[in-house]
Each structure stands twice: as structure tokens, then as C-alpha cells.
Amino acid sequence: MSTLPLVSLSRALSSDSERRAEARAIDAANRTVGFLVLTDHGVAADLVDDLYRVTAEFFALPAEIKNRYVTANRAASRGYVPPKVRSLAATRERMDGGDLVELFAAGLPHVPDDPYFSPEHAGINFRPNVWPAEIPRFRAVWETYYDAMQALAAQLMSLFATALDLPADFFDDKIDRHISNLFANHYPPILEQPAPGQIRVGEHTDYGSLTLLHQRDEVGGLEVHVGGRWVPVEPMAGAYVVNIGDLMARWTNDRWISTLHRVQNPPPERLSMGRLSFPFFCQPNYDTVIEALPSCVGPAQPPRYPPISSGENMIRKTERSFSGGNTR
Ligand SMILES: O=C(O)CCC(=O)C(=O)O
Ligand SMILES: [Fe+2]
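Definitions and cut-offs
- Residues numbered from 1 in each chain as written.
- Chains lettered and ligands numbered in written order.
- Predicted model: local features only at pLDDT ≥ 70, side-chain atom pairs only at ≥ 80, totals over all residues.
- Heavy atoms only, no water.
- Pairing = 2+ DSSP bridges.
- Helix = DSSP H or I, 4+ residues; strand = E, 2+ residues; numbered from the N terminus.
- Axes fitted to C-alpha atoms, helices over the stretch in contact; angles between N-to-C directions.
- Contact = heavy atoms within 4.5 Å.
- Buried < 20%, exposed > 50% of the residue type's maximum accessible area, 1.4 Å probe, protein only.
- 1 Å grid on protein atoms, 1.4 Å probe; cavity = no way out; pocket = protein on both sides within 12 Å on 5 of 7 lines; lining within 4 Å.
- Points joined across faces, edges and corners; volume = space filled by probe spheres on them.

A few words now on the sheet that holds strand β10 (residues 240-244). Here eight strands make up an open sheet; going across it, the order is β1-β2-β10-β7-β12-β5-β4-β3 and the pairing mixed. Each end of this open sheet is capped by a strand with a single partner; those strands are β1 (6-8) and β3 (79-81). Strand-to-strand twist in this sheet, taken as the mean axis angle between neighbours without regard to direction, amounts to 25 degrees. With three bridges connecting them, β3 and strand β4 (residues 102-106) associate as antiparallel partners. If you follow Gly 79 over to β4, its bridge partner there is Ala 105. Across the sheet, helix α6 (residues 138-163) lies against β2 (35-39), β4, β5 (181-187), β7 (210-215), β10 and β12 (275-282), angled at about 130 degrees from β7, the strand it touches most.

Spelled out as C-alpha cells, the structure:
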């Protein structure tokens, strides 16, 4: 969709008046579409190229090697998930045979040696990452990219605070020990007829505060549900697609919307085209309780959702996403 609202990070950081102008654009985008396109974000193009390169090398490995990186507790989002095992439509109680995507996921790379992060307190949230030994550079590239994403996410959350008429540091202590995950979505060529309704990623809303998606493939397929229609989101060179997740909708009492989206299968003549994309799913600290912000409730707007902790929300949603695909 060429009409997604554009936000320039460098412009927002250039002066107070520019910051207010970009914050207004963010508010308008998040109220109406829940998606925007972020430009001038400062993430190095070389790093992104490296990320695509090492990750494509991983997915090109034989299945029996990739399967070594499947981890026992899938709700922890670490390592490899084979095609058709997860179903994002299942988070909405819709069964579709499993998403036509294979995944690799990682969490916080350098977990501090502090009880807050220990399994006793944090449960599965800071499980160690797993890294493919076959690709020596994989780990360093992923860790560097993860760091770039967490820094970018923090800057965006500060702009979000301004957009919500809150102090710029409002979210800082709610995301400073976040449980965000970096995913690679690899969509293999579609060689067999999909089951009825089975697509690359079934319709869903993202779970957390916001998602930073890098996509640059030719075949595309990402679609957002706006105005009762599915609208394609085409990649824009060097830009991130940013969307609101369920927790931001809950925080803002639906002033901002967590929009349904999906990845549609290519048309028949392009079924052999694969696709690689990288969502970074921002999830606040596991013990941050998300309830409607004071600026988003009033006599005519009672809170619409009960409070929920970030950690509980993520585990509930992730577990449900593994209830609709192939159980293997
Ligand atoms: O691969 C994409 O373009 C986005 C997929 C998606 O919506 C997700 O992984 O949550
Ligand atoms: Fe998504």
C-alpha cells in the first residue's frame, strides 16, 4: 500500500517542533490504520544485508540439520520452527492447517546476571538463545541486529509517548527489561496445493506493543485489513513497516488499533517465489501490567480490557499459535 503514513525518525529527532509534527503523524496513523512506514531510522544497510545473507544460508540447510535447532518449549520463541507447525490464525481460534512459513527466533542476546532474569522469577522469558553452528557469522550478525532493533524500538516508544501527550520517558521503565523477540520468517516456494484457507501467515494481530518489520522481497504478500478490505503493503526500500500490537491497543484503550494482517499466497505463476522477512516483536518487561492509560479513559470511555501482564499475554498468545498447525 503506497498510502501507509510515512514517519521520518531523523526528522522527529531534529527539533522540538518537528518532533511534535511527527508525533501527530504517528497518532493519526495509529488511530486509523495501526500501521506506518518508518524512514531515516539509522539502521545500517550493511547490517541488514548481512542479516539476509546469513539467514538465507540457514534456511538453505537440509531439514534434518535445521531440525536440530528446534527447542523444547515453543512458547519461549528460541530457534527453529518448521513449516506448518505454527498458525497465527489459531490465536483467533481459527484452524487452517498451519502457516506456510518456517521460522527462526531469538530473544535478548546478553542476559544480565541478576535474579530478575533468572528462570525462578522470569520463567521462560530469558531462555538462552540457540545458534546454528553451521554458519559461524550467524550469531554475531543476529546479536548486532537485535541490539539495533531494541535501540530503535526505544526511540519509537518515546515518540509514541509524545504522540499520546505523555512525558517522553513515560514508557522507559516499562520496557527497559523487555522480552522482545527477533524472528526470521522464511516462506518456501509453494510446491503443493495448500489446504483450503491455508496461507503463508494466517490473519492475526500482533501480540505486543509494536512490531518493526523489515521486508524487501519481490513477491510480497503482506496485507492489512482496513476499511473492510485486504490491502497489500508493498516493501519500500530501506524502510520499516511499523505496526501496533494488542498491548498498545489495550494501553490506549483502543485509541490506537491493533490491525488484522496476514501474508497471502502468491498468484499461481509466482508460487515458486520464496520470501524472507524479519519482524522484531516488541514486548514490554514481563512484569509490566498493561491497563488503560489515564489519558485514554474518561466518563464516556471506560476501560475496555482487564489488566494483563506483558509476560502472561505473550505466553498465552504464543501457546495458542501452536494449537492450530501440524502437531509434530
Ligand atoms: O512476514 C511478514 O511480512 C509479516 C508476518 C507477520 O505478520 C508476523 O510474523 O507477525
Ligand atoms: Fe504479524
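The discussion continues.
Our focus in this paragraph is the pairing of β5. Most of β5 is tucked away, with seven of its seven residues classed as buried. On β5, burial covers both faces: Asn 181, Phe 183, Asn 185 and Tyr 187 on one face and Leu 182, Ala 184 and His 186 on the other are all buried. With five bridges joining them, β4 and β5 adopt antiparallel strand pairing. Bridge pairing links Leu 103 to Asn 185 in β5. Here β5 pairs with β12 via five bridges, running antiparallel. When the bridges of β12 are listed, Leu 182 appears paired with Phe 280.

This part is about unusual backbone geometry. Unusually for a residue other than glycine, Asp 40 sits at a positive phi of about 55 degrees. Looking at the element boundaries, Asp 40 is found in the loop between β2 and α3 (45-59). In this structure Asp 40 comes out as partly exposed when scored by relative accessible area, which is 44%. Not every positive phi belongs to a glycine, and Asp 254 is a case in point at roughly 70 degrees. Along the chain, Asp 254 falls in the loop between α8 (246-251) and β11 (261-263).

Applying the stated criterion to the full structure yields four cavities of 30 Å³ or more. For the largest cavity, the calculated volume is near 260 Å³. Counting residues per element, the ones that place at least two in the lining of the largest cavity are β3, β4, β5 and α9 (310-321). Reported here for the second largest cavity is a volume of approximately 180 Å³. Contributing to the lining of the second largest cavity are 18 residues, with Asn 185, His 204, Leu 213, His 261 and Pro 279 lying nearest its centre. Elements represented by at least two residues in the lining of the second largest cavity include exactly β5, β6 (201-204), β7, β11 and β12. By residue number, the principal contributor to the lining of the second largest cavity is β12, which donates four residues.

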